[in-house]
Amino acid sequence: MEYPGEHLFIGQLGNTFTIAAFAFSFLAAGAYFMAHRTKDESYLRIGRLGFIGHSIAVIGMVATLFVMIFNQYFEYHYVWQHSNTDMPMKYIFSCFWEGIEGSFLIWTFWHVILGFVLMLRAKTYEAASMAVVGAVQFFMLSMLLGVYVFDYKIGSNPFTMLLRQHPDFIGLPIFNNPDYTSAIDGRGLNPLLQNYWMVIHPPFVLFGYATALIPFALAIAGLLRKDYIGWVKPALPWTFFGIAILGIGVLMGGAWAYESLSFGGFWAWDPVENASLVPWLTMVGAGHLMLIQRKKGVSVFTLFFMVTVTFCLVQYASLLTKSGVLGETSVHSFTDLGMTGQLAISLLFFVGLSIYLIAINFKRFPVHDKEESITSREFWMFIASLVLLVSAFVISFSTSFPVINQLLGTELAIGSDRIEYYNRWQTPFAIITALLVAVGQFLKYTKTNMSAFWKNLAISGALSLIITVAFAVGMSITNPLYLLMLFSTALAATANLDYWARILKGKMKAAGASIAHIGFGLLLLGVLISTSQSEVISTNSSLYDVSMLGDDFDNNENILLMKDDTLIMGDYFVSYRGKRAEEGFIHYEVDYMTPNKEGQLQADFTLYPFIQLNPRMGNVAEPYTKHYWNKDVYTHITYAELETPNKETEAVEHSVSLGDTIFTKTSFLVLDSLDRNPKAKFGGLTDNDIAIGAMFTLYDVDTKAHQLEPLFVLRDRQYSFTVGDSISDLGIKITFDGIDPEAEKFKFRLTEKPPEFKDFIVMKAIVFPGINILWIGIIIMGLGTLFAVIQRIRMR
């Protein structure tokens, strides 16, 4: 059968680009390596041509896949899997990188951009460093091949067709239609990703991952060239550029989680979050070791270790998030596409390469005979880098519990409260890091005059103590660890501000580090205040027990609001006003009110938490937040009836004996006895009628008793009929339909009109004090890091 609507050429073009990109990466890696070994310019030219060809092919792959998604070619599996006709076009980029194949492709694209810049600027390091870039691209492109070698599938290709490369689809009736492309629709984009943050957050994180390649490539080049110091100069600006980009990407993820997920906060220590944070920590440590190397020299082994481990941690992050091993522990990891083996091989190759080259060069590493003074800046910067490394290890080890359990058959777990677990471990590291960030700028290289040092710290120390006391008293902070972190983070911000103002005279030229450290201190201060002092104010004050809805509903955290009822909640009175549906969303209107001077309630603000409807992947509740200068009021729906219950009357037949109970939705009835002579009480019965009444007692929700007596009548011994009885207020009617002598049971028909439905919601509300300190810190830290990058580039 022919399918005239299929767009075959674009898929063939995408596959051609894929094969070409893979082949050219191999050519570039091999030619560049030979250029390094032989110093032959012809190999260098071949390597350049190979990488240019590889770059063109990768850009072609990106353009081809984008065209396929934009034009909704649902005959292709990747397009069908990640988009549909109902999806707003503004999320088309989210479709591109939602899947493993798309994320690998955009990651490979960033490698191309960065590799091209390196190729133009690496000079004598070009051959060795670009050989590493080519090798990395070779492994990356293998993840996108989708070919079989001896029954083993290598990679997953984004250009495969439903009807040809996916056997599960072949037998579907829709493909019996030659024009099936006009009838098919896609599965759609995950509703969690239908958010503007997801248009920019994933490519930023992947860009940050990509930046780890360049310092790694230069470090490997240094090892290959036996140049253990020279590679640091070109690697330094790349490293701080990576710190800025990956840091921004990680923090964007936190902003997305805060704004769009029902985490109930900025950072939930989700395994995928952790996987991106860990290489950033080691990259920061590596960057600061490079600064020491430029000034005074540092342990060469430690520097090589930090740079290579950063890249290997990026590879490990890819293994964790793309192998499916985190599927049950993370809300946004990928499912397994059978590439776990490939990902592991890629990781082991670069880990093995790093270990091998460091080992064979170790004895040649330059050694500093003179130990650094304990009062020197380089000593404490080295200690700070080690603290970041240990912090990263602790996070990585805990995040790897699923991997360890699979490999060793253990049952390691972090417990039910993941946030408390990680906070308990990481708070001491945060305190130490903040203190080192505070004092580092005032320390001198080689040796510090300690009297001048303490004098310089006096102003910021006193100011930090005042800030600590003010926050501790104002927010009733008594936890000693929190008080110490409060002081250390305040000191980090004030000391660096003081250094910038007094020592640097407010000049911007060399202020990048100070500004970044100010932002870092404010970020940690905001994290401390907003998380440790956050308060769930949605204690259930209604008459209804929300725990009846399930184990996840706690009356201390979830309030049930009937429509137009007003309940007290924290410092507010809240009222649910109704809902409105529009384009796949249901928005709920919740008024927050406070009493005025006359004691009358007046609206302070209205929040509109909403639920995104997705019948294929499940509905998603998203929060709505009221922002103040000193706090946020964060609200999200935890339960709601999305549709009005059925109002049609239901009739149910029952066969019961004396003493049995019949249950309804709002009451229950007990058959007490039989009335064998009901004629005296009921008019309309004749002397020839044989009648029997069933005496019921009905108990309503208030345990109030009501009497019912339906009749079964045999007239003239020829035919029977029933006389029903009802309670109109309860919407219940019962008829006596017959008798089963053999079973000694009586047959009844119970008709119940459903009670009037009153719309309600269950919601959770949290107050985050001081959250804006965190956001301000993020902005300042990002700007400071970018200033530092510009400064390092100018110093080259």
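Residues numbered from 1 in each chain as written. Predicted model: local features only at pLDDT ≥ 70, side-chain atom pairs only at ≥ 80, totals over all residues. Heavy atoms only, no water.

## Comments concerning the overall build of the protein
Alright, step 1. Looking only at helices and strands, the protein features 21 helices and 23 strands.
Alright, step 2. For the C-alpha atoms alone, the extent of the protein along its principal axes is close to 120 × 80 × 45 Å.
Alright, step 3. For the protein, with 796 residues in total, the buried portion stands at 53%.
Alright, step 4. Considering only contacts in the protein between residues 6 or more positions apart, those separated by 24 or more positions represent 67%.
Alright, step 5. With an accessible surface of roughly 37000 Å², the protein has 60% of that area assigned to carbon and sulfur atoms. (Helix = DSSP H or I, 4+ residues; strand = E, 2+ residues; numbered from the N terminus. Buried < 20%, exposed > 50% of the residue type's maximum accessible area, 1.4 Å probe, protein only. Contact = heavy atoms within 4.5 Å. Areas by Shrake-Rupley, 256 points an atom, 1.4 Å probe, with all protein chains shown as cover.)

## Description of the confidence of the model for the protein
Alright, step 1. When pLDDT is averaged along the protein, the result is 89, and 96% of the positions lie at 70 or above.
Alright, step 2. Of all helices and strands in the protein, the one with the weakest mean pLDDT is helix H8 (residues 167-170) (76), whereas helix H10 (residues 213-225) scores best (97). (pLDDT = per-residue confidence, 0-100.)

## Description of the sheet that holds strand E22 (residues 745-752)
Think of a sheet as strands paired side by side through backbone hydrogen bonds, with each pair either parallel or antiparallel.
Alright, step 1. Overall, antiparallel pairing links the four strands, which are arranged E13-E22-E21-E20 in an open sheet. In the strand order of this sheet, the two ends are held by strand E13 (650-656) and strand E20 (725-727), each with one partner. Within this sheet the neighbouring strands show an average axis-to-axis angle of 20°, counted without direction.
Alright, step 2. As paired elements, strand E21 (residues 732-740) and E22 share eight bridges and run antiparallel to each other. Pairing of threonine 735 across the sheet is with arginine 749, part of E22. (Pairing = 2+ DSSP bridges. Axes fitted to C-alpha atoms, helices over the stretch in contact; angles between N-to-C directions.)

## Describing the nonpolar core
Note that soluble globular proteins tend to have their nonpolar side chains buried in a common cluster.
Alright, step 1. Residues Phe104, Trp231 and Phe304 are the most contacted members of the largest nonpolar core, which totals 178 residues.
Alright, step 2. Sequence-distant contacts of phenylalanine 304, defined by excluding residues within four places in its chain, comprise Ala219, Leu223, Tyr228, Trp231, Ile358 and Phe365.
Alright, step 3. Counting residues in hydrophobic clusters, the runner-up holds 22 residues, among them Leu607, Ile611, Val633 and Met763. (Core = buried A, V, L, I, M, F, W, Y, C linked by side-chain atoms within 4.5 Å.)

## Re the domain arrangement of the protein
Alright, step 1. With domains assigned, the protein is organised as domain 1 (1-194), domain 2 (195-369 + 398-407), domain 3 (415-533 + 772-796), domain 4 (547-644 + 760-769) and domain 5 (652-752).
Alright, step 2. Taking only C-alpha atoms into account, the centre of domain 2 sits 76 Å from that of domain 5. (Domains from an automatic or database assignment.)

## With respect to the side chain of threonine 433
Alright, step 1. For threonine 433, the position within the fold is in helix H17 (residues 418-440).
Alright, step 2. A relative accessible area of 11% means that threonine 433 is categorised as buried.
Alright, step 3. Setting aside anything within four residues of it in sequence, one finds threonine 433 in contact with Val387, Leu388 and Phe520.

## Digging into the pattern of salt bridges
Alright, step 1. Counting across every chain of the model gives 11 salt bridges.
Alright, step 2. A salt bridge links arginine 577 to aspartate 564; the nearest nitrogen and oxygen atoms lie 3.9 Å apart. Taken together, the residues span a long stretch of sequence, with arginine 577 in strand E6 (residues 572-582) and aspartate 564 in the loop between strand E4 (559-562) and strand E5 (566-569) at a distance of 13 residues.
Alright, step 3. Look at arginine 577 and you get partly exposed, because its relative accessible area is 30%.
Alright, step 4. Aspartate 689 is the salt-bridge partner of arginine 715, the closest N and O atoms lying 2.7 Å from each other. A residue pair is termed long-range when its members are at least 10 positions apart, and arginine 715 in strand E18 (residues 711-715) and aspartate 689 in strand E16 (residues 689-699) qualify at 26 residues.
Alright, step 5. In this structure arginine 715 comes out as buried when scored by relative accessible area, which is 18%.
Alright, step 6. Each of Asp564, Arg577 and Asp591 takes part in one network of salt bridges that share partners. (Salt bridge = Lys/Arg side-chain N within 4 Å of Asp/Glu carboxyl O.)

## What to know about the pairing of strand E11 (residues 624-627)
Alright, step 1. When E11 meets strand E12 (residues 631-640), the two strands line up antiparallel, connected through four bridges. Across the sheet, the residue bridging to tyrosine 624 is threonine 635, located in E12.
Alright, step 2. As consecutive antiparallel partners, E11 and E12 are separated by three residues.

## So, unusual backbone geometry
Alright, step 1. One non-glycine residue, lysine 39, adopts positive backbone phi at about 60°.
Alright, step 2. The exposure class assigned to lysine 39 is exposed, which follows from its relative accessible area of 57%.

## Overview of the side chain of asparagine 558
Alright, step 1. Topologically, asparagine 558 is positioned in the loop between strand E3 (535-536) and E4.
Alright, step 2. By relative accessible area, asparagine 558 is classed as buried at 4%.
Alright, step 3. At 3.0 Å, the side chain of asparagine 558 and the side chain of threonine 638 are in polar contact.
Alright, step 4. Residues contacting asparagine 558, with those up to four places away along its chain left out, are Ser538, Asn540, Val546, Asp552, Phe553, Thr638, Val762, Met763 and Lys764. (Polar contact = N/O pair within 3.5 Å; in protein donor to acceptor, adjacent residues only side chain to side chain.)

## As for the packing of aromatic side chains
Alright, step 1. Applying the stated criterion across every chain yields a total of 55 aromatic pairs.
Alright, step 2. Look at phenylalanine 66 and phenylalanine 70: their rings are 6.2 Å apart centre to centre, the planes differ by 20°, and that puts the pair in the stacked class. With a gap of four residues between them, phenylalanine 66 and phenylalanine 70 both fall in helix H2 (residues 41-70), about one helical turn apart.
Alright, step 3. Since its relative accessible area comes to 29%, phenylalanine 66 is described here as partly exposed.
Alright, step 4. Among the aromatic residues, those joined into a cluster by ring pairs are Tyr258, Phe266, Trp267, Trp269, Tyr421, Tyr422, Tyr634, Phe768 and Trp775. (Phe/Tyr/Trp six-rings, centres within 6.5 Å; stacked < 30°, edge-to-face > 60°.)

## Focus on helix H14 (residues 340-361)
Alright, step 1. In this model, H14 (22 residues) spans 32 Å end to end at C-alpha, consistent with the 32 Å of a helix rising 1.5 Å per residue.
Alright, step 2. When we look at burial in H14, the residues that qualify are Gln342, Leu343, Ser346, Leu347, Phe350, Ser354, Leu357, Ile358 and Asn361. For H14, the angular spread of buried residues about the axis comes to 145°, placing them on one side. Counted as exposed and oriented over 90 degrees from the buried face of H14: Ile345, Leu348, Ile355, Tyr356 and Ala359.
Alright, step 3. In this structure, the buried side of H14 is in contact with helix H5 (100-121), helix H6 (126-142), strand E2 (152-154), H10 and helix H13 (300-322). (Expected span 1.5 Å × (residues − 1). Arc of directions from axis to C-beta.)

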